[in-house]
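If you want the building blocks of each chain, they are given just below.
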Amino acid sequence: MTVLVTGAAGFIGFHVAAALLDAGRPVVGIDNLDPYYDVALKEARLALLLARPGFTFVRGDLAEPATMEGVVADHPGITGIVHLAAQAGVRYSLENPRAYVRANVSGHLEMLEAARRLPALTRMVYASTSSVYGDNAKRPYAVTDPVERPVSLYAATKRADELMSRVYAHLYGIPLVGLRFFTVYGPWGRPDMAYFLFARAILEGRPIRLFGNGELLRDFTYIDDIVAGVLAALDRPLDWGDEPPHRLFNLGNNRPEPVTRLVALLEAALGRKAIVEPTGMQPGDVAATAADIAESTRDLGFAPRTPLEVGIPAFVEWLRGRNTA
Ligand SMILES: NC(=O)c1ccc[n+]([C@@H]2O[C@H](COP(=O)([O-])OP(=O)(O)OC[C@H]3O[C@@H](n4cnc5c(N)ncnc54)[C@H](O)[C@@H]3O)[C@@H](O)[C@H]2O)c1
């Protein structure tokens, strides 16, 4: 019943690992503490996990074949994998495309190879993204929609992960579940994401730049709802039909909100007004994201229950505690 969580020092990986430990399940976490954003935040998450019984940590780069060979040799009893390690972020993929191919494509291949060699493995769940839908005009996005027109290299690497997973399910019968996350936020979140950048800027009296003039719509999804969906994807019996055992699901809030509303809620929770600078669209950005979650609800019991007006104050409370710690 040991679960391997990759990206355990990352935002979603930390919360998933904590939830598994809460349920009494042993967790092996792996992360290379990549310096893409504040390593101190990753170390602080990790310290909380390391303090808990049942948690074992491996520091290493999973795109390096020897790293995963070592994990497989040391932990042959792993029954489930939640693969969340990646080079995330849309905008940074214009700046450093190689980091994406290395972590997301080579790294994903090493995870599939590890899955092949783990004798007790029953399923591997992995992170994809709403970005695979590109700028689809049809909304909400359904998992059956075409995804052949990505607009960022980040999206292209995640789509490659889905295709490689399909191949491994076909060739080796490894049960694989890909989750397309829609803008996840909450306590212990990622400092490169808009809600976090805005909160810091508002607190420090700096202007915030609203891309797409604030008219972008995002399906903001609270971390606890995502964790529930990830655990269901790991544990729920799934009908694979006549196809190889590979399924894709959207995990989103299904309630797209304008970014201006996010700003208003941040202002209310922080008790300060934002200085807003409207800015045009950024290359690689899409105008709106909205998840069709009918299949996720039916097959995973996925039912997001946290609206932005609850989730943003929870995030701000955490941020205040961290700033004063
Ligand atoms: N947060 C979101 O809104 C969101 C949306 C869509 C998809 N996702 C996907 O969900 C997953 C988790 O995202 P997150 O927000 O927790 O990101 P994160 O950056 O906080 O976590 C990823 C972790 O992976 C680690 N990592 C990166 N490359 C590695 C490597 N080669 N070897 C070992 N560890 C490595 C990083 O150090 C980091 O701690 C990612 O796959 C991301 O692409 C996230």
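Keep in mind it's a predicted model, so treat the numbers as computed, not measured.

Looking now at the overall build of the protein. Counting its secondary structure elements, the protein contains 11 helices and 13 strands. Dimensions of the protein, computed from the C-alpha atoms along their principal axes, are close to 55 × 45 × 35 Å. Burial analysis of the protein (325 residues in total) assigns 46% to the buried set. Partitioning the contacts of the protein with sequence separation of at least 6, the portion at a separation of at least 24 is 83%.

A separate point is the nonpolar core. Core analysis: the biggest nonpolar cluster contains 95 residues, and Ala17, Val125, Val230 and Leu266 have the highest contact counts within it. With 8 residues, the top contributor of residues to this core is helix α8 (residues 223–235). Setting aside chain neighbours within four positions, we find valine 125 in contact with Ile81, Val82, His83, Val177, Leu179, Val230, Ala233 and Leu234.

Between helix α1 (residues 11–22) and α8, whose axes approach to 10 Å, the crossing angle comes to 60°. Classified by the angle their axes make, α1 and α8 are oblique. α1 and α8 meet at a crossing whose hand is right-handed. Taken together, the residues of α8 that come into contact with α1 (itself represented by Ile12, His15, Val16 and Ala19) are Ile223, Ile226, Val227, Val230 and Leu231. Looking at the contact of α1 with α8, its residues break down into 8 nonpolar, 1 polar and no charged.

The next thing to look at is the environment of aspartate 135. Following the sequence through the fold, aspartate 135 ends up in the loop between β5 (123–129) and α6 (153–172). Given 12 C-beta atoms within a 10 Å radius, aspartate 135 is considered exposed. It is 7.5 Å that separates the C-alpha atoms of aspartate 135 and proline 150, two residues lying 15 residues apart in sequence. When residues no more than four places from it in sequence are discounted, the contact partners of aspartate 135 are Val151, Val286 and Ala287.

Turning our eyes to something else, we now look at α1. Under the 1.5 Å per step criterion, the end-to-end length of α1 is 17 Å for 12 residues, consistent within 8% with the ideal 16 Å. Counting buried positions along α1 gives 9 out of 12 residues, so the element sits mostly inside the fold. Buried within α1 we find Phe11, Ile12, Gly13, Phe14, His15, Val16, Ala17, Ala18 and Leu20. After α1 finishes, the residue glycine 24 shows a positive phi value of roughly 80°.

This paragraph deals with the sheet that holds strand β3 (residues 55–59). Across the sheet, 7 strands lie side by side as β3-β2-β1-β4-β5-β6-β11; this open sheet has parallel pairing. The sheet terminates laterally at β3 and β11 (246–251), the two strands that pair on one side only. Neighbour to neighbour, the strand axes of the sheet diverge by 20° on average, direction disregarded. Strand direction decides the pairing type here: strand β1 (residues 2–6) and strand β2 (residues 27–31), joined by 4 bridges, are parallel. Among the inter-strand pairings, valine 3 is bridged to a residue of β2, identified as valine 27. The sheet strands contacting helix α2 (residues 39–50) are β2 and β3, and the helix crosses β3 at an angle near 145°.

On to the site of the ligand, then. The environment of the ligand is formed by 28 residues, the closest being Gly7, Gly10, Phe11, Ala86 and Ala127. Mapped by element, the contributors of at least two residues to the shell around the ligand are α1, β2, α5 (97–117) and β5. Of the residues forming the shell around the ligand, the biggest block, 3 residues, is contributed by α1. When its residues are assigned to classes, the shell around the ligand shows 15 nonpolar, 8 polar and 5 charged.

For the rest of this paragraph, the subject is the packing of helix α7 (residues 194–204) against helix α9 (residues 259–270). α9 packs onto α7 with a crossing angle of 45° between their chain directions and a minimal axis gap of 10 Å. Taken together, the axis directions place α7 and α9 in an arrangement best described as oblique. As α7 packs across α9, the resulting crossing turns out to be right-handed. Residues Ala194, Tyr195, Phe198, Ala199, Ile202 and Leu203 of α7 form the contact with α9, whose participating residues are Val259, Leu262, Val263, Leu266, Glu267 and Leu270. Of the residues that constitute the contact of α7 with α9, the class distribution is 11 nonpolar, no polar and 1 charged.

In this chain, arginine 139 is followed by proline 140 through a cis amide linkage whose omega measures 0°. Along the polypeptide, proline 140 turns up in the loop between β5 and α6. Of note in the backbone geometry, leucine 33 takes a positive phi value of approximately 45° without being a glycine. Positive phi values are uncommon outside glycine, yet threonine 183 reaches one of about 25°.

Of the residues making up α7, those classed as buried are Tyr195, Phe198, Ala199 and Ile202. Looking down the long axis of α7, one finds its buried residues gathered within 100° of arc, a one-sided arrangement. Looking one or two places after α7, you find glycine 205, whose phi comes out positive at around 70°.

Cut-offs and rules
Residues numbered from 1 in each chain as written. Predicted model: local features only at pLDDT ≥ 70, side-chain atom pairs only at ≥ 80, totals over all residues. Helix = DSSP H or I, 4+ residues; strand = E, 2+ residues; numbered from the N terminus. Buried ≥ 20, exposed ≤ 12 C-beta atoms within 10 Å, placed from the backbone. Contact = placed C-beta atoms within 7 Å. Core = buried A, V, L, I, M, F, W, Y, C linked by C-beta atoms within 7 Å. Axes fitted to C-alpha atoms, helices over the stretch in contact; angles between N-to-C directions. Parallel < 35°, antiparallel > 145°, perpendicular 65-115°, else oblique. Left-handed = near helix turned anticlockwise from the far one by under 90°. Nonpolar A, V, L, I, M, F, W, Y, C, P; charged D, E, K, R; others polar. Expected span 1.5 Å × (residues − 1). Pairing = 2+ DSSP bridges. Near = placed C-beta within 6 Å. Arc of directions from axis to C-beta.

Coordinates in, geometry out; function isn't part of it.
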